[in-house]
Amino acid sequence: MTTTDGEDRIRRRPDGEEADIYDEDGNVRSDFLALVGAAIADRDTLFLRQNVARLHESEIGDLLEAIQPDQRLALVRLLGDDFDMTALTEVDEVIRREIVDQMPNEQIAAAIGELDSDDAVYILEDLDKEDREEILAQLPFTERVRLRRALDYPESSAGRRMQTEFVAVPPFWTVGQTIDYMRDEEDLPYSFSQIFVIDPTFKLLGAVDLDQILRTKRQTKIEQIMRETNHPVPAEMDQEEAAQLFEQYDLLSAAVVDENGRLVGVLTIDDVVDVIHEEADEDIKRLGGVGDEELSDNVLSTARSRFLWLLINLGTAMLSASVIGLFDASIEKMIALAVLMPIVASMGGNAGTQTMTVTVRALATRDLDIYNAGRIIRREAGVGILNGIVFATIMGAIAGTWFHDYQLGGVIAAAMIINLIAAALAGILLPLLLDKVGADPAIASSVFVTTVTDCTGFFAFLGIATWWFGI
């Protein structure tokens, strides 16, 4: 591993095969990173081409994210034509922009021409309009038209995600003609599992699976074995909805059609897996109020993306503080109230977050709708009552023993039941309301649910205590 020859500077297994670049935790090995860093510093293109260029694009993407920022562009330049541009679809947007912005448009155009159309669009959509047009102008006419058409569809739509390379034949062709066409035609997709059937205007008529082609005699006409296309996807459809179609009907690929039913592309399972991952990642971030930030973002952009919801949270915290202020005299007379009231609010906040998380995810996956909302609301209310009674009993006993005052224990028990019921209802009703008015429940629910549980908890505990003890 310490020799200077490029081909021997990578750790090898006893059988002589090159070792995997990942450690047991799934991270890029530190010794491999050190070797790559040294090769970049030494401009050792032999080592980089033999040990980096050979990697799968997803592995190169992980490597680009793991090495130092100043090494990324140097690695791309040293690899030259051996760098697989598909790897840029595997890194986050900030790193992709950082690399592409420093590459000459001629190099990008040459690399784009070798990519599948969906990967090419993924890279082109991040470029400035002027650079994008310059790159497109250097591509062959047919490819340029395909990419422009895909870029014209809305962001996060099926049209942006689709692959414009597909195999389509007329219904009157025989199986033999279709097989001969696939053998002779050089400009076919690298991988495909379906052949689409179209009329002269490219209107989608149906599809035939490759296994059906192989099982059928050559003289059989395609129209005799074709079936209606399984759930064609409108090009304008949101990518998340398209992914739900794949999940619901167990699709491997689906035709993408325009508003006139004409075939314009195909959506494949590998792209759908990426969509599912992106949407889940987006929902998790929004639940925390962190927007679309990436790990590679700098300090300023990260702070800016978090500022708005921190500001809103400050406002709601002041609202909770004002509720406490209503009972400042009671707190002065009975210090135990100040000790115990955060417990009521904290339990309510956690309970509300649990319900909210389940609700937001159910809304995102379309598992929660107007037909089952009533049943789910009743279930969550029941959960709030049950947990409220259990934890009220526990906390009431603890508080009564702690402060030698079982009346105080009864007060906190009553407040906890009220707040856990309020938390359960807020956790489901607020996301439903936000979804109804068109707001994103994933990004807006957390702050409002916390506000409800804090205000309800403080008001219930301090209010009941003030009434019961007459303070």
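What counts and what doesn't
For every chain, the first residue of its written sequence is number 1, and the numbers climb from 1 along that sequence. At least 70 in pLDDT is required for a residue's local features to be given in this predicted model, at least 80 for side-chain atom pairs to be given and counted, and no such filter applies to totals for whole chains, interfaces and linings, which use all residues. No hydrogens and no water enter the side-chain calculation; it runs on all heavy atoms of the structure. Two kinds of site are reported from a 1 Å grid over the protein atoms alone, namely cavities, where a 1.4 Å probe fits but cannot get out, and pockets, open sets with protein on both sides within 12 Å along at least five of seven lines, and residues are called lining when an atom falls within 4 Å of a point. Grid points are joined across faces, edges and corners, and a volume is the space filled by probe spheres set on the points. Note on conventions: DSSP H or I runs of at least 4 residues are helices, E runs of at least 2 residues are strands, and numbering of each starts at the N terminus. All residues other than Ala, Val, Leu, Ile, Met, Phe, Trp, Tyr, Cys, Pro, Asp, Glu, Lys and Arg, Gly among them, are scored as polar; the first ten of these are nonpolar and the last four charged. UniProt positions are given in the numbering used here, feature names are shortened, and annotations may be inferred rather than shown by experiment. Here a helix's expected span is defined as the number of its residues, less one, multiplied by 1.5 Å. We define the bend at any residue as the angle between the axes fitted to the seven residues before and including it, ending there, and the seven starting there. A 1.4 Å probe rolled over the protein chains alone gives each residue an accessible area, and that area as a share of the maximum for its type sets the label: buried under 20%, exposed over 50%, partly exposed in between. For this analysis, residues touch if any pair of their heavy atoms sits within 4.5 Å. In this entry, domain limits derive from an automatic or database-based domain assignment. In short, buried area is how much 1.4 Å probe accessible area vanishes from two parts on joining, totalled over both. Basic side-chain nitrogens of Lys or Arg form a salt bridge, by our definition, when they fall within 4 Å of a carboxyl oxygen of Asp or Glu. Pairs of N or O atoms within 3.5 Å make up the polar contacts considered here, provided that, within protein, one atom can donate a hydrogen while the other can accept it, and that residues adjacent in sequence are counted only when both atoms are side-chain atoms. Two strands pair under a simple rule: DSSP has to find at least two bridges between them. His residues and chain termini do not enter the charge count, which takes Lys and Arg as positive and Asp and Glu as negative.

## Some thoughts on empty space enclosed by the protein
Applying the stated criterion to the full structure yields one cavity of 30 Å³ or more. Reported here for the largest cavity is a volume of approximately 30 Å³. Surrounding the largest cavity, Ser-157, Ala-158, Arg-161, Gln-239, Ala-242, Ala-243, Leu-267, Val-272 and Val-275 form its lining. Taken together, the elements giving at least two residues each to the lining of the largest cavity come down to α10 (158–161), α14 (239–249) and α15 (269–287). In terms of residue count, α14 provides more of the lining of the largest cavity than any other element does, three residues in total. Partitioning the lining of the largest cavity into residue classes produces six nonpolar, two polar and one charged.

## Points about the UniProt feature "transmembrane region" (unreviewed entry) in the chain
When the UniProt feature table is mapped onto this chain numbering, "transmembrane region" (unreviewed entry) sits at residues 307–327, 385–404, 410–434 and 446–469. When the span residues 307–327 is considered, its composition is 90% helix and 0% strand, and the gap between its end C-alpha atoms is 31 Å. In this annotation, residues 410–434 is assigned 100% helix and 0% strand; the end-to-end C-alpha distance for the span is 36 Å.

## What about helix α16 (residues 299–325)?
Over its 27 residues, α16 extends 36 Å from the first C-alpha to the last, a length consistent with the 39 Å expected when each residue adds 1.5 Å. The axis of α16 is deflected most strongly, by about 40 degrees, at Phe-307. Of all the positions in α16, only Thr-302, Trp-309, Thr-316, Ser-320 and Val-323 are classed as buried. Contacts from the buried residues of α16 go to α21 (441–469).

## Some points on the domain arrangement of the chain
Once the domains are mapped, the chain shows domain 1 (30–160), domain 2 (168–288) and domain 3 (299–469). For domain 1 and domain 2, the distance between their C-alpha centres works out to 27 Å. Across the boundary between the two partners, domain 1 contributes nine residues, which contact 13 residues of domain 2. Across the domain 1/domain 2 interface, buried area totals approximately 890 Å², and carbon plus sulfur atoms make up 43% of it. Ranking the residues of domain 1 by area buried against domain 2 places Tyr-153, Ser-156 and Ala-158 at the top, with a combined share of 53%. Inspection of the region where domain 1 meets domain 2 yields zero salt bridges. Viewed at the interface, domain 2 and domain 1 are joined by four residue pairs in polar contact (both at pLDDT 80 or more).

## Let's talk about the sheet that holds strand β5 (residues 253–257)
Within a beta sheet, neighbouring strands are joined by backbone hydrogen bonds and run either parallel or antiparallel to one another. Taken together, three strands build an open sheet; the order of strands is β4-β5-β6 and the sheet is mixed. What marks the edges here is a single partner per strand, and that holds for β4 (233–234) and β6 (263–268).

## Focus on the layout of surface pockets
One way to see where empty space is left: roll a probe the size of a water molecule over the atoms. Its volume calculated, the second largest pocket comes out at about 440 Å³. What lines the second largest pocket is a set of 23 residues, and nearest its centre among them are Arg-146, Phe-166, Ala-168, Ile-198 and Phe-202. The element best represented in the lining of the second largest pocket is helix α9 (residues 141–152), accounting for four residues. For the lining of the second largest pocket, the per-class residue count stands at 14 nonpolar, two polar and seven charged.

## Focus on the side chain of Glu-165
Topologically, Glu-165 is positioned in the loop between α10 and β1 (168–169). Although Glu-165 is buried, it makes no salt bridge; Arg-146 carries the closest opposite charge, 4.6 Å away. A distance of 2.9 Å separates the side chain of Glu-165 from the side chain of Ser-117, its partner in a polar contact. Beyond its immediate stretch of four places on either side in the chain, Glu-165 contacts Leu-115, Asp-116, Ser-117, Arg-146, Pro-189 and Val-266.

## Details of the sheet that holds strand β3 (residues 204–209)
An order of β1-β2-β3 is seen for the three strands of this open sheet, with the pairing classed as mixed. Looking at the sheet topology across the chains shown, the edges are occupied by β1 and β3. As judged from the five bridges shared by strand β2 (residues 194–198) and β3, these two strands associate in the antiparallel manner. In the strand pairing of β3, Ile-195 is matched with Val-208.

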